[in-house]
Amino acid sequence: MAVPANFACPEREKFQYCYSTLITFAYRDDSATRTDLNLLLDHINSLDYSTIVVTAKPGNEVLQKLCSIIPAYEERFVVKICQVANNWMKKQMLALTDECVLCMADYLIKAIQRCQTWAIPEILSSLASVFYENVDKLQQYHDTLLGKHGILVQIINNDVTDTETLKEAVVCVQCLTLRPKSESYLSQVYIDSCYNVFTMLLHKMSAVSMDPLVQCKILMYCLRGIQNILRVTKDMPVDRLGVILAAVRTYMFYGVGCQSAVLPDSLYPSPFTRVEVPKSGTLTPKQAAIKKDDTANKKSKRKTKKKTDTKDPSKQKGSKQPDNDSGDNDLLDQGQSVSGQVNLDFDYDPMAGYATWSKVSSSDSEWSDTEGGQGSRSRSNCTKVRQCALSCFFWIAKFSDKKVMFSYWSSFIPDSQSSTNASNAQSLLNIVLKDPSPKCRMGALAALSILLDNTKLLLSAAEDSDSPKPSTFTSYSIILGSTIQEIHRCLFLAMATEDYAITLTQLIKCFGTVIANVPYHRMRPGLLGKIVKHIRHFINHRDPNVRVACLTCLGSMAGIQPPLMEVCHIIQPSRPPITTKPPTELDSQPLRTPDTALNVPAGRKDLDSGFSSSPNINSPGGVLHSGGERLADYSGGTTPTKGTAQSSGSVTPAFSDQLLQMHSKERSWVVKLCVKNILPLGSAETVFSADEVRTEPLPIRLESLQVLANLTKGYFPVIRNCVPLLKELIHQCFCDVDPVIKLHAAKLLDEFTQVLQQDVNAVEASDIAVAERLSKQQVLEFWLSLLNGPIQEVLQMPGHDGVKAVACDCLANIGDPVFRYLPLDKRVMCLTVVLGLASDEDRIIRAAAIRTLGIFVMYKSLREDVSFVADCATAILGAMEDKNMFVKVKAAWSLANLGDAVASNREESGEEFMEEFSDVLMLNIITVATRLSQDADKLKPNAVRTLGNILRCMTKRHLGKDAFQQAVLGAVKSLVKSAGSGAMKVRWNASYAISNMYKNLDLNQGQAPWNADVLGVLCSVIRDCKNFKVRINAAIGLSSPRKRAQYGAPATYCRVWVGIIEAFETAEDIADYIDFRYRDNLIEQICIAVFHLIELVTVEDTDHLWPVLEKHGSQLSVSLNKYYTSKGKQSALEAHLERALITLVALQPAVATDLQRQSVIYLTTLSNNLKSGCSDDLPLSRPVMAFRQTYD
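Here the residue numbers are simple positions, counted from 1 along each chain's written sequence. Selection of residues for local features in this predicted model requires a pLDDT of at least 70, selection of side-chain atom pairs for listing and counting requires 80 or more, and totals for whole chains, interfaces and linings are taken over all residues. By convention in this description, side-chain values take in all heavy atoms of the structure and omit both hydrogens and water.

Asker: Please give an account of the overall build of the chain that cites residues and values.
Answerer: Each helix and strand counted, the chain has 54 helices and two strands in total. Remark: exposure states derive from per-residue accessible area (1.4 Å probe, protein chains only) relative to the maximum for the residue type, with buried under 20%, exposed over 50%, and partly exposed in between. Expressed as a percentage of its 1192 residues, the buried residues of the chain come to 56%. Considering only contacts in the chain between residues 6 or more positions apart, those separated by 24 or more positions represent 77%. Working note: accessible area of the chain is about 51,500 Å², and carbon and sulfur atoms make up 52% of it. Strands are runs of DSSP state E lasting at least 2 residues, helices are runs of H or I lasting at least 4, and numbering of each runs from the N terminus. We call two residues contacting when some pair of their heavy atoms lies within 4.5 Å. Surface accessibility follows the Shrake-Rupley procedure with a 1.4 Å probe radius. Residue values consider only the protein chains on display as shielding.

Asker: Give me the pattern of salt bridges: which residues, what numbers.
Answerer: A carboxyl oxygen of Asp or Glu within 4 Å of a side-chain nitrogen of Lys or Arg is what we treat as a salt bridge. Counting across every chain of the model gives 32 salt bridges. We note a salt bridge from Lys80 to Asp42, for which the minimum N-O separation is 2.9 Å. Of this pair, Lys80 sits in helix α4 (residues 75–91) while Asp42 is found in helix α2 (residues 31–45), placing the two residues 38 residues apart along the sequence. For Lys80, a relative accessible area of 17% translates into the label buried. With a relative accessible area of 33%, Asp42 lands in the partly exposed category. By sharing partners, the salt bridges in this structure join Glu164, Lys167 and Glu168 into a single network.

Asker: Can you lay out a negative patch on the surface for me, pointing to particular residues and giving the numbers?
Answerer: Taken together, the side chains of Glu911, Glu912, Glu915 and Glu916 present a region of like negative charge at the surface. By the element assignment, Glu911 lies in helix α41 (residues 911–916). Using a relative accessible area of 37% as the deciding quantity, one classes Glu911 as partly exposed. In this analysis, a patch consists of residues with relative accessible area above 30% that form no salt bridge, clustered at 9 Å for like charges and at 5 Å for the nonpolar side chains Val, Leu, Ile, Met, Phe, Trp and Tyr. We count Lys and Arg on the positive side and Asp and Glu on the negative side, and we leave His and both chain ends out. In plain terms, the charge of a residue is placed at NZ if it is Lys, CZ if Arg, CG if Asp and CD if Glu.

Asker: Just give me the short version of the packing of helix α48 (residues 1028–1038) against helix α50 (residues 1079–1096), but keep the residues and values in it.
Answerer: Structural elements are reduced to axes, namely lines fitted to C-alpha atoms, with helices fitted over the stretch in contact, and the angle between N-to-C directions of any two is expressed from 0 to 180 degrees. Here α48 crosses α50 at 15°, and the two axes come no closer than 9 Å. Classified by the interaxial angle, the pair formed by α48 and α50 is roughly parallel. Handedness of the crossing formed by α48 with α50: left-handed. Between α48 and α50, the residues in contact are Phe1028, Arg1031, Ile1032, Ala1035 and Ile1036 and Arg1079, Asn1081, Leu1082, Gln1085, Ile1086 and Ala1089, respectively. Comment on the angle field: the value is read as roughly parallel under 35 degrees, roughly antiparallel over 145, roughly perpendicular from 65 to 115, and oblique elsewhere. Crossing handedness follows the turn of the near helix against the far one: under a right angle anticlockwise gives a left-handed crossing, and clockwise gives a right-handed one.

Asker: I'd like a description of the nonpolar core, backed by residues and values.
Answerer: For this analysis, a nonpolar core means a set of buried residues of the types Ala, Val, Leu, Ile, Met, Phe, Trp, Tyr and Cys, connected via side-chain atoms within 4.5 Å. Grouped together as the largest cluster of nonpolar side chains are 367 residues, with contacts concentrated most on Leu428 and Trp1057. Residue contributions to this core peak at 12 residues, all from helix α15 (residues 371–399). Aside from chain neighbours lying at most four places away, what touches Leu428 is Met252, Leu390, Phe393, Phe412, Ala444, Ala447, Leu448 and Leu451.

Asker: Explain the packing of helix α1 (residues 10–23) against α2 to me, using residue names and the numbers behind them.
Answerer: Their axes nearest at 10 Å, the elements α1 and α2 cross at an angle of 150°. Considered as vectors, α1 and α2 are oriented roughly antiparallel to each other. α2 is crossed by α1, and the crossing has left-handed handedness. Of the residues in α2, those touching α1 at Lys14, Cys18, Thr21 and Leu22 are Leu37, Leu40, His43 and Ile44. Amino acid classes used here: Ala, Val, Leu, Ile, Met, Phe, Trp, Tyr, Cys and Pro are nonpolar; Asp, Glu, Lys and Arg are charged; the rest, including Gly, are polar. Among the residues forming the contact of α1 with α2, the class breakdown is five nonpolar, two polar and one charged.

Asker: Kindly report on the packing of aromatic side chains, identifying the contributing residues and their values.
Answerer: Aromatic pairs are defined between Phe, Tyr and Trp rings, using the six-membered ring for Trp, whenever the two ring centres lie within 6.5 Å; interplanar angles under 30 degrees are classed as stacked, those over 60 as edge-to-face, and all others as tilted. Within the structure shown, the criterion is met by 17 aromatic pairs. Ring centres of Trp395 and Phe399 lie 5.7 Å apart, and the angle between their planes is 15°; on these two criteria the pair is classed as stacked. Linking Trp395 with Phe399, this pair stays in helix α15, spanning four residues, or about one helical turn. Considered together, Trp395 and Phe399 belong to a single accessibility category, that of buried residues. Considering the side-chain rings of Phe752 and Phe782, the 5.2 Å spacing of their centres and the 85° angle between planes classify their relative orientation as edge-to-face.

Asker: I'd like a rundown of helix α23 (residues 544–558), residues and numbers included.
Answerer: Expected span, for any helix, means 1.5 Å times one less than how many residues it has. Over its 15 residues, α23 extends 21 Å from the first C-alpha to the last, a length consistent with the 21 Å expected when each residue adds 1.5 Å. α23 sits mainly inside the fold: 14 of its 15 residues count as buried.

Asker: An account of α2 is requested, with residue identities and associated values reported.
Answerer: For α2, spanning 15 residues, the distance from its first C-alpha to its last is 21 Å, which sits close to the expected 21 Å at 1.5 Å a residue. Every buried residue belonging to α2 is among Thr33, Leu37, Leu40, Leu41, Ile44 and Asn45, and all of these are buried. The buried residues of α2 all sit within an arc of 130° when viewed along its axis, so they share a single face. For α2, exposure combined with an orientation more than 90 degrees from the buried face picks out Ser31 and Leu39. Looking at the buried positions of α2, the neighbouring elements they touch are α1, α3 (56–69) and α4. By construction, the arc corresponds to the directions joining the helix axis to the C-beta atoms.

Asker: An account of unusual backbone geometry is requested, with residue identities and associated values reported.
Answerer: The omega torsion across Gln561 and Pro562 is 0°, close enough to zero to call that bond cis. As for its position among the elements, Pro562 is in the loop between α23 and α24 (565–571). Even without being a glycine, Met93 presents a positive backbone phi close to 50°. As for its position among the elements, Met93 is in the loop between α4 and α5 (98–114). The exposure class of Met93 is partly exposed, given its relative accessible area of 37%.

Asker: Tell me about the confidence of the model for the chain, and please be specific about residues and values.
Answerer: The pLDDT score gives, residue by residue, the confidence of the prediction method on a 0 to 100 scale. Of the residues in the chain, 77% have a pLDDT of 70 or more, and the chain-wide mean is 79. Under a pLDDT of 50 for its full length, residues 272–368 has, in the predicted model, 169 contacts with residues more than four places off or in other chains. Contacts for the low-pLDDT stretch residues 683–690, under 50 throughout, to residues beyond four places or in other chains number eight contacts.

Asker: Got a sec to walk through the environment of Val1021? Specific residues and values, please.
Answerer: Mapped onto the fold, Val1021 is located in helix α47 (residues 1011–1024). A residue is classified by how much of its surface remains accessible, and Val1021, at 1% relative accessible area, is buried. The spatial distance from the C-alpha of Val1021 to the C-alpha of Gly980 is 6.7 Å, given a sequence separation of 41 residues. With residues up to four places along the chain from it excluded, the contact list for Val1021 reads Ala979, Arg987, Ser991, Val1030, Arg1031 and Ala1034.

Asker: An account of the environment of Tyr715 is needed here, citing residue identities and associated values.
Answerer: The residue Tyr715 is located in the loop between α28 (698–714) and α29 (716–719) in this model. For Tyr715, a relative accessible area of 0% corresponds to the buried category. Note: C-alpha distance between Tyr715 and Cys568 (147 residues apart in sequence) is 7.3 Å. Whenever two N or O atoms come within 3.5 Å, that pair is a polar contact, provided that in protein one can donate a hydrogen and the other can accept it, and provided that, for residues adjacent in sequence, both atoms are side-chain atoms. From its side chain, Tyr715 meets the backbone nitrogen of Leu564 in a polar contact 3.2 Å long.

Asker: I'd like a description of the side chain of Asn989, backed by residues and values.
Answerer: Looking at where Asn989 falls in the secondary structure, it is placed in helix α46 (residues 984–997). The exposure class assigned to Asn989 is buried, which follows from its relative accessible area of 10%. Apart from residues lying up to four places away in sequence, Asn989 is in contact with Pro941, Val944 and Arg945.

Asker: So what about the state of the cysteines? Which residues, and what values?
Answerer: When the sulfur atoms of two cysteines share a covalent bond, that bond is a disulfide. Cysteine sulfur atoms that come within 2.5 Å of each other are treated as a disulfide pair. Enumeration according to the criterion identifies zero disulfides in this entry. Free cysteine Cys115: the closest other cysteine sulfur is in Cys82, separated by 8.1 Å.

Asker: Describe the environment of Arg827, listing the residues and the values that go with them.
Answerer: Within the secondary structure, Arg827 is located in helix α36 (residues 824–837). A relative accessible area of 26% means that Arg827 is categorised as partly exposed. Taking C-alpha positions, Arg827 is 9.8 Å from Leu787, a pair spaced 40 residues apart along the chain. Among residues more than four places away in sequence, those in contact with Arg827 are Phe819, Arg820 and Leu822.

The structure is reproduced here in structure tokens:
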């Protein structure tokens, strides 16, 4: 690549002469013109392009001029034009204009069709340079190039095409797949054509005899082309997945002598349909040449290796050495930062190796022509192929469906040690353990990480057996458990032998992904303990990236749900655990050394390259002390199961709060490590001193704060004794000059205040004092210190919008039990600040403030204040007009909470509160909620919830006004529409809102014209809705009216009977297995609705009820007999049945007609049979067949 020249450049003057000559050049078909043009082109190509010679405008003009005057059939001139274009685009980085791109593409495509074969490679090379990132500008040529009879497709598919032409054609196709600057890309037809080309070549190359260098380059271009398509489309076609994975897996081991070159046609998703690669008895000529070169090089190094091993610990036995791949050392140097400057992007980017055109093809001039140089070049090219294959697999796994990719795991991850150790095993774990290139090992770790990421649900079925019994059948759960164990085993081995910091970083991050997805509660205890024992050596590594990866691992461990006792035993000691057993379980264990537990090879006891065998906060002797006793080392083989925790029904038990408090008397080593990382560096005595300004790199500080947040959220009982330390830490972080530190400190405070609120609520709910929890007074003192210091400053200082938003969320965690005891000035300050932030310019702050108001309005100490409720209503209604959807969603939730608060006040204080509350605000609330119920799906659930609460609060004074009558009519219509159709969450809330509405007798539902529609939609929902939770709420709504008059006319009342009886018939129709757990609840609610209807029945109803009982009585009898008996006569049902019997007994003297008498007798007999437990058939019941009885 050329560099700018700030002085007079002779080459630039020569170019200016050529430019002025060519611009005015007139081409004629005679020898003199040909000679002049030939000399001009040779002159241009002979220029020294080490400095910037060609600028954009003259360069584009010359190229367009040449393409317009020289015929496309003149091979010699065309080739020289291509050389000019390549020199300018590759060496001078000339950016082509859109007009020049189209002109050159048209000219070169015509030249390919007309020139002889010897000129085609040079033309294709120039065409590839034109195509680079310009695919969006060449749509008119896509069919000519990639169509069924496209030029590039024909060249590649032609068996007589020479290798150089084939290579350049593949480069062209690969450049066409690159991401363009605009949104336009290849259509699906041409994407499929590219896939066909790349797949065909990948499967064909292994059987073709050609120059190994050219073969490697073709393979790299094909693999990169697939990556390019995936990165743009972000979708992997499932029908091509098996074929592409077969090729990719084979080329992951390209050039490794012990691997076979046989490439299967496809991989199959079934774990039982695996392609067995035969053991290779003979090597291919290419492999034999590589092996010969390796042997020659090894012989020349054997003598010097023995001496080197005794001096350099990084080259001792068991240590991996990089191959001679160019660029490996540069990559490793990037990962070992000593100055403290850290790259914030810690994720491995497999595409980073060829971000510019100059890196698309590598130069061969760096290798000598000696035998050793040829061998090194061969190994380097093979390494690049393996790296491209791993990078391709990374993107395939990233953009494939997790379930689909999970079915191919058996082809890439072994499930046993014997499978990994097989000589011909092709697995990612083999690459991690044995590949000589750090780049390839890093690529394999990145691929393994992306395979494991977001598979927590898929791995939840894994089971690890202590002593598996030999059998002819191995369950799927056991296979998954074995696979997880093998992943851990291989990563442990890799951790013990990895010497390169950048690869070590990826390895530790891979552990973090494993921890986040593996169901450790179903595995044998000890795996997490071994992970901590391995990473504890690198907690104080000199490379900050390694330390960040270690903290990420600890953060993943702290985020494990459900919380495990094993994790508690790991984090609760005051020093990094060499042991994770509790003191009661350690006395009988034999003493083991750390080296034995880590399986470190001889000579690797002290790791070099910045590795620290024990962090500064570790104990000198490497053991823990508790009660004066020396604790033995522990590798995590067992976890106490008796007397330690309540059984969780899993292999690794969940933690018990009371047990942890007995043991957590000292501060956790994880907390002390994170505090040391976050605060300015200094001595232990002045850990909170502000004199020192030197701090750890920012990523380390941020990750430490994240670890503390995870610990606080999941394992607060373990670190409860660190509350004073964490409080002081948060104070110091809020005083930090870096706003990012303040933001993450605010997030830590958010998690911290949530668990404090849970502690207070637990103490409030308990009749007796809970000694291990924080008292209300302690939490009150904590909040006073915050409100007197950092929180108040953060909320009122300009800027730092993200910090303000999170701090506002923290205020919502105060809780009513603590808030009511705050001093008056602090309460006023909180309310004033939050109400002010509700109209802030930043949308995130507005949303956080509105959410906080929605929580404050639920506090009993605040919701009884009419003025505050009115202020909240005004702020929330104003936020509903916000243009930002995020703010509107928070406002809708707060509006629903406001409705809950108003409804609670109405229930507790009667109409007194409603008389003081503004009618205008009430009308605005119901109007806005009605409008929102017809808005976006994100707003509808809370809108209908608000309508139900407000309708429940309406008084006769409100309903006497025409405006309120119209508002109520519109609200009810919205509830009917929302309950009958739409998203399930909306229908669930609408059904619940209707049940709330029926609790207000002032609405006089029985006389309302909309009552029949409301009851009708509930009957439809309880009978036909597929979601059982929605049907449960509909059943609750049908049994909500407390008076018979609320059901309206007898005809409407009987239609409710029919809907409920029909609901019994569909209660067994389960469309989704998730609804199975709600079936019993649904049936119980339907039974309650039946008894409620009987309880409210009147004499006038019995005339209309008899036709219903005559038609549906058999189904009603069978259903009630079956379900009431299966429920075991629960107290709730018995109470409803008793009330129904009382009503029926009272009706008997009042009956006058036969229809009335038959209805009462039928219902009385049915109820008595249920009460006595007798299931005899009623007169109208159909005979119950023996099969039906058995089935039921």
